[in-house]
Amino acid sequence: MGGRMRAIGLMSGTSMDGIDVAMLETDGESFVERGPFLIIPYDPAFRDRLKQGLEDARTMTERSARPGCLAELEHDLTLRHAGAVKAFLGAHNLSAGEIDVIGFHGQTVLHRPDQRLTVQIGDGALLARETGIDVVHDMRANDMAHGGQGAPLVPAYHAALAASLKQAARPICFVNIGGISNLTYIGAEGEILAFDSGPGNALIDQWVEVNAGVPFDQGGRIASEGQVLMDLAERYLDHPFFTTDQRRSLDRSDFRPPQSDEAGLHDGARTLAYVTAAAILRSAGHLPHAPQTYIISGGGRLNRTIMADLTEIAARSGATVLTAEEAGFDGDATEAEAWAYLAVRSLKRLPLTFPGTTGVKAPVAGGVLARAEALSPSAAK
Ligand SMILES: Nc1ncnc2c1ncn2[C@@H]1O[C@H](COP(=O)(O)OP(=O)(O)OP(=O)(O)O)[C@@H](O)[C@H]1O
Ligand SMILES: CC(=O)N[C@H]1[C@@H]2OC[C@@H](O2)[C@@H](O)[C@@H]1O[C@H](C)C(=O)O
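Residues numbered from 1 in each chain as written. Chains lettered and ligands numbered in written order. Predicted model: local features only at pLDDT ≥ 70, side-chain atom pairs only at ≥ 80, totals over all residues.

Naming follows an unreviewed UniProt entry, where the protein appears as Anhydro-N-acetylmuramic acid kinase of Ciceribacter selenitireducens ATCC BAA-1503. Note on the protein: under the UniProt heading Catalytic activity (unreviewed entry), the record states "1,6-anhydro-N-acetyl-beta-muramate + ATP + H2O = N-acetyl-D-muramate 6-phosphate + ADP + H(+)". Per UniProt, the protein has the following entry under Function (unreviewed entry): "Catalyzes the specific phosphorylation of 1,6-anhydro-N-acetylmuramic acid (anhMurNAc) with the simultaneous cleavage of the 1,6-anhydro ring, generating MurNAc-6-P. Is required for the utilization of anhMurNAc either imported from the medium or derived from its own cell wall murein, and thus plays a role in cell wall recycling." (UniProt positions renumbered as here; feature names shortened; annotations may be inferred.)

Enquirer: Any chance you could break down the sheet that holds strand S9 (residues 192-199) for me, citing the residues and the numbers?
Expert: Reading across from one edge, S9-S8-S7-S10-S11 is the order of the 5 strands in this open sheet, with mixed pairing throughout. Here the strands that pair on one side only, and so sit at the sheet edges, are S9 and strand S11 (320-323). Sheet twist, expressed as the mean angle between neighbouring strand axes with direction ignored, is 20 degrees. By the bridge criterion, 5 bridges tie strand S7 (residues 172-177) to strand S10 (residues 293-297) in an arrangement that is parallel. Looking at the pairing, Ile172 lines up with Thr293 of S10. Contacts from helix H5 (residues 155-162) reach S7, strand S8 (180-186) and S9, with the element oriented near 45 degrees to S8. (Pairing = 2+ DSSP bridges. Helix = DSSP H or I, 4+ residues; strand = E, 2+ residues; numbered from the N terminus. Axes fitted to C-alpha atoms, helices over the stretch in contact; angles between N-to-C directions. Contact = placed C-beta atoms within 7 Å.)

Enquirer: Any chance you could break down the site of ligand 2 for me, citing the residues and the numbers?
Expert: Neighbouring ligand 2 are 17 residues, the closest being Thr108, Ala151, Pro152, Val154 and Ile180. Taken together, the elements giving at least two residues each to the shell around ligand 2 come down to strand S4 (101-112) and S8. Of the residues that constitute the shell around ligand 2, the class distribution is 6 nonpolar, 9 polar and 2 charged. If you count residues domain by domain, the shell around ligand 2 takes at least three from each of domain 1 (5-148 + 364-375) and domain 2 (166-323). (Near = placed C-beta within 6 Å. Nonpolar A, V, L, I, M, F, W, Y, C, P; charged D, E, K, R; others polar. Domains from an automatic or database assignment.)

Enquirer: Summarise the site of ligand 1; cite the residues concerned and give the values.
Expert: Neighbouring ligand 1 are 24 residues, the closest being Gly13, Ser15, Gly178, Asn201 and Gly299. Considered class by class, the residues forming the shell around ligand 1 number 5 nonpolar, 15 polar and 4 charged. Each of two domains, domain 1 (5-148 + 364-375) and domain 2 (166-323), supplies a minimum of three residues to the shell around ligand 1.

Enquirer: Pulling in residues and values, what's your account of the UniProt feature "binding site: ATP" (unreviewed entry) in the protein?
Expert: Here the UniProt feature "binding site: ATP" (unreviewed entry) sits at Gly13, Thr14, Ser15, Met16, Asp17, Gly18, Ile19 and Asp20. Topologically, Gly13 is positioned in the loop between strand S1 (5-12) and strand S2 (18-26). Looking at Gly13, the number of C-beta atoms within 10 Å reads 23, which means it is buried. Apart from the residues lying within four places of it in its own chain, the contact partners of Gly13 are Gly178, Gly179 and Glu335. With respect to the element layout, Asp17 can be found in the loop between S1 and S2. On the neighbour-count criterion, Asp17 (20 C-beta atoms within 10 Å) is buried. Setting aside anything within four residues of it in sequence, one finds Asp17 in contact with Pro41 and Tyr42. (Buried ≥ 20, exposed ≤ 12 C-beta atoms within 10 Å, placed from the backbone.)

Put into structure tokens, the structure is as follows:
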């Protein structure tokens, strides 16, 4: 098998919409065979608890602290992940013994790279005990301990995916539009650069929730009925995040939605969709060469207004915008697949991050292993 493993990846992203579960067969290097994928959505009450968790985390200065609701939330979040794994195994007629490792992201509740603090709640030992499968978790901390931003981590996986793209014009830029957007640049010679590129859907979600009582702008329909308010858009795009030469990773709270009196529902959504697209292209302006192909994953690719803006702005530099599906991938599954891939790399002590992806001083491995057997001799493995 050449060190190939079967891994499950679990992602609960900054949108807090649910748990993504994906499976891969991989050697943690160039061999990647993508398996099935499942989303287990959070119910509105649990989303509210996660939002409260972000509030309770704001005062944290020590990453192992669990103020307010966080200890109980971490426990319940982990049990939901265990339930998601069991549902996934059941749906695909798999047993725990057929899975080598789980890559467990948990939920980011605080990310302050300037203070060397990144906090993902999620109890790896409990997940290993509940599922009977070894778990690799806490994959961001070692990068930060070595001078990195602790994010993004998906680029190592993007690089493996790029190897399968023979047709796409290079440089290629993978863009994930989740709550926050991030991009990975693969140059003509295979060089990799990556960074967070701006607010993704988080501002739009918060805007339509407050002003229309819906969790997101399905298909970008609300935005499609509005006009871009250029002054408001430029206020976001003039943020030092875009103008400085230093790239850094983002916390969900780094950008705030407009006040309700600054725009009507439709114009606000339209403006924020434009900001999402323009932010990606503005961030891409810091790359050494203009990308020729953009490949878009994450929920934002389903917002047609964002995609139309991206396509139009990218075309000005002759670039093509493809959805992940058009490039042969699954745009909902990429991050969870990446966590499966990274778990296998972690077991093999291969680097997860590189100077070009997080600013870490030298390539570093990472992740904490919680063994199922050591914790629960009677577990299903
Ligand atoms: N059909 C749709 N139309 C428009 N937007 C959508 C649609 N489906 C999902 N989205 C948007 O995508 C978001 C979820 O995206 P995704 O699951 O990629 O984010 P995430 O993984 O939680 O975030 P991150 O990548 O920042 O960690 C939703 O909050 C919503 O804004
Ligand atoms: C700290 C944290 O959780 N960051 C997330 C977030 O969501 C998107 C962007 O900001 C990215 O930096 C990262 O997630 C992806 C999965 C990553 O690490 O590659």
